[in-house]
Amino acid sequence: MAEYYYADTVVIGGGTAGAAVAARLVQGTTQTVLLIESGPDYGAFVDQRWPSQLLDARSLPGGHDWGYINGASTGRPGHLLERARVIGGCSSHNGCAAIWGSRVDYDGWTALGNPGWSADELLPFFKLANETLRVKRISASEITPWQQACLETAPKIGIPQVADLNNLDEDIGMSTSPVNILDGVRWNTAFAYLDSLRGDDRLTIQPHMQVDRLQLEGNRVIALEVIGPDGPLTVETDRVVLCAGTYGSPAILLRSGIGPDSELRALGIEAKLDLAVGRNLHDHPAVYLKYSGTPQLVSAMMDFVARGGILFSEQIIAKFRSKYCTSAYDLHLFPVGGPFTDTADSWEFLLPVANMIPLSRGSVQLTSTDPFATLKIDTAYLSDPEGRDLAILWNGIELVRDYACQPPLAELIGEEISPTVNYKAAEDVPSDNLHYYHPVGTCKMGPESDPTAVVDTHGKVHGVDNLYVADASIMPVVPRANTNIPALVVGERISAWLTQA
Ligand SMILES: Cc1cc2nc3c(=O)[nH]c(=O)nc-3n(C[C@H](O)[C@H](O)[C@H](O)COP(=O)(O)OP(=O)(O)OC[C@H]3O[C@@H](n4cnc5c(N)ncnc54)[C@H](O)[C@@H]3O)c2cc1C
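Read on for a plain summary of the structure.

Reading the values: the criteria
- Residues numbered from 1 in each chain as written.
- Predicted model: local features only at pLDDT ≥ 70, side-chain atom pairs only at ≥ 80, totals over all residues.
- Heavy atoms only, no water.
- Salt bridge = Lys/Arg side-chain N within 4 Å of Asp/Glu carboxyl O.
- Buried < 20%, exposed > 50% of the residue type's maximum accessible area, 1.4 Å probe, protein only.
- Near = heavy atom within 4 Å.
- Polar contact = N/O pair within 3.5 Å; in protein donor to acceptor, adjacent residues only side chain to side chain.
- Areas by Shrake-Rupley, 256 points an atom, 1.4 Å probe, with all protein chains shown as cover.
- Helix = DSSP H or I, 4+ residues; strand = E, 2+ residues; numbered from the N terminus.
- Nonpolar A, V, L, I, M, F, W, Y, C, P; charged D, E, K, R; others polar.
- 1 Å grid on protein atoms, 1.4 Å probe; cavity = no way out; pocket = protein on both sides within 12 Å on 5 of 7 lines; lining within 4 Å.
- Points joined across faces, edges and corners; volume = space filled by probe spheres on them.

In a structure, side chains of opposite charge can pair up when their charged atoms sit close to one another. All told, the structure shown has 16 salt bridges when counted by the stated rule. In this structure, Arg307 engages Asp303 in a salt bridge whose closest nitrogen and oxygen atoms are separated by 3.8 Å. Residue Arg307 is classed as exposed on the basis of its relative accessible area of 61%. Overall, Asp303 belongs to the partly exposed group, its relative accessible area being 43%. When salt bridges with common partners are traced through the structure, they connect Asp41, Asp195 and Arg198 into a single cluster.

Structure (structure tokens):
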């Protein structure tokens, strides 16, 4: 156990961003790095110890989930907020769409007082992330008959087919997705970043270890209190990079006494730094319009599968505009379809539509000082006082219903079915079960003068000299994108600064 007692840098959380941060620190410095992950580590891909459900890119497996619930501890029934607890984090169970967003997203981060995050400055990191994760665009011949019809129909509602969804300057278009899938395998960030470094004696990967809290002395972290497979342990270090994700990172800061003063005191935690930790939680609200398929479509899909075709989720994506849009785009459409079983009557076809510029803001709070206790997560979807989030989403639903009436899609698709067929007006859209898996923002990046900011532009926690956060939680505003590549870019961007330090 002795090697766990000290590392020059400790990276907490071996997820999408954390795997990259640990790797870049080993590659770019002479330091020892300890990467602590709460879930299991199944080793290098070549060792073939990974469970097939995590490798198989055709579905979103639920087996390694934290079990976070929307509204937990509020007394209302909640819904699962999926988050993976395994090395590679959510990149080990996600949909593998490798999407960048719009130039205005990242220029917007800079405009909020975060130099170094403009689209032009991030472009090398996007390219590096794509290259390291071995992203490639799906070819037209690889997509299902359902998605082929969706693609062909897009121009009928003014969405052109485009060559590259990751053109940061193109606002409207549908295309096959860039994905991190290799021969049907979900190529997660553990494979991409850690495999080549396994065996390097400056990198220790410690799975099954849950970080409870950080010990602070003055304005420095001096140690971490962790719960390992053999019980509690103290790890000393000179620097901590927190990569525990949008729910995990604020939870660790709060247990360490860094967060809203009154909230901490109410739980009997000694308040060390009054920062807006756990606030600013937001995600893209989404509605999954549900359709049955015609026998012709189901038979074409079964034929596609029989020929060895792969049915992974986000094979094609459209970015487009609601009637309220004033900049770039504000909607995503990502048609998915699949069977519950291998019988013809079990197929369902979804036309999910998401609002990509949500204003509503929720929160993550502790319910107890116990590191294994549930978190109180309030997603607060569609709660903005002006009702703009719902208006955009409802207009997106109207546009997608119109799209479903256009050929060739209309000739293949069946009826819209329950529950979405019952959404006759905006007010019918439920606010408690809507998400596109992209929560961000709970350790918001911004200047010290911003009372809602938790970290500065380099990811350093305001008021602590050697504590950084580098994951999706620091995004001040969610980009108009699926958030895996953006989270990875956060890891790459901050690592580049840390290796220069
Ligand atoms: C089902 C699903 C599908 C998705 N599909 C896509 C997609 O197709 N494309 C896309 O771009 N995005 C997708 N996303 C979103 C994307 O995967 C996430 O935004 C991204 O992985 C977030 O990265 P992260 O590094 O911030 O956090 P994570 O990847 O969640 O990493 C956090 C890590 O920290 C660990 N951890 C947390 N707390 C502790 C603790 N106390 N001690 C030790 N370790 C801890 C966790 O176990 C985890 O490994 C999807 C997400 C989900 C859940």
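After presenting the structure, the write-up continues.
Quick look at the site of the ligand now. The full set close to the ligand counts 38 residues, and Thr16, Glu37, Ala97, Thr483 and Asn484 are the nearest of them. At 2.9 Å, a backbone N or O of Ala17 approaches an oxygen atom of the ligand. Val211 is positioned such that a nitrogen or oxygen atom in its backbone is 3.0 Å from a nitrogen atom of the ligand. Here the ligand, which alone exposes 1000 Å², has 98% of that area covered by the protein. Listing elements by their share of the shell around the ligand, those giving two or more residues are α1 (16–28), β9 (210–217), α7 (245–255) and α12 (484–500). In terms of residues, the shell around the ligand owes the most to one element, α7, which gives three residues. Among the residues forming the shell around the ligand, the class breakdown is 16 nonpolar, 16 polar and six charged.

Turning to the layout of surface pockets, a few remarks are in order. Within this model, the second largest pocket holds a volume of roughly 330 Å³. Lining the second largest pocket we find 20 residues, and of these Asp105, Ile357, Arg388, Val477 and Arg480 sit closest to its centre. For the lining of the second largest pocket, the elements supplying multiple residues, two or more each, are α3 (103–111) and α10 (388–404). Top element by residues in the lining of the second largest pocket is α3. It accounts for four residues. Residues of the lining of the second largest pocket, tallied by class, amount to 12 nonpolar, three polar and five charged.

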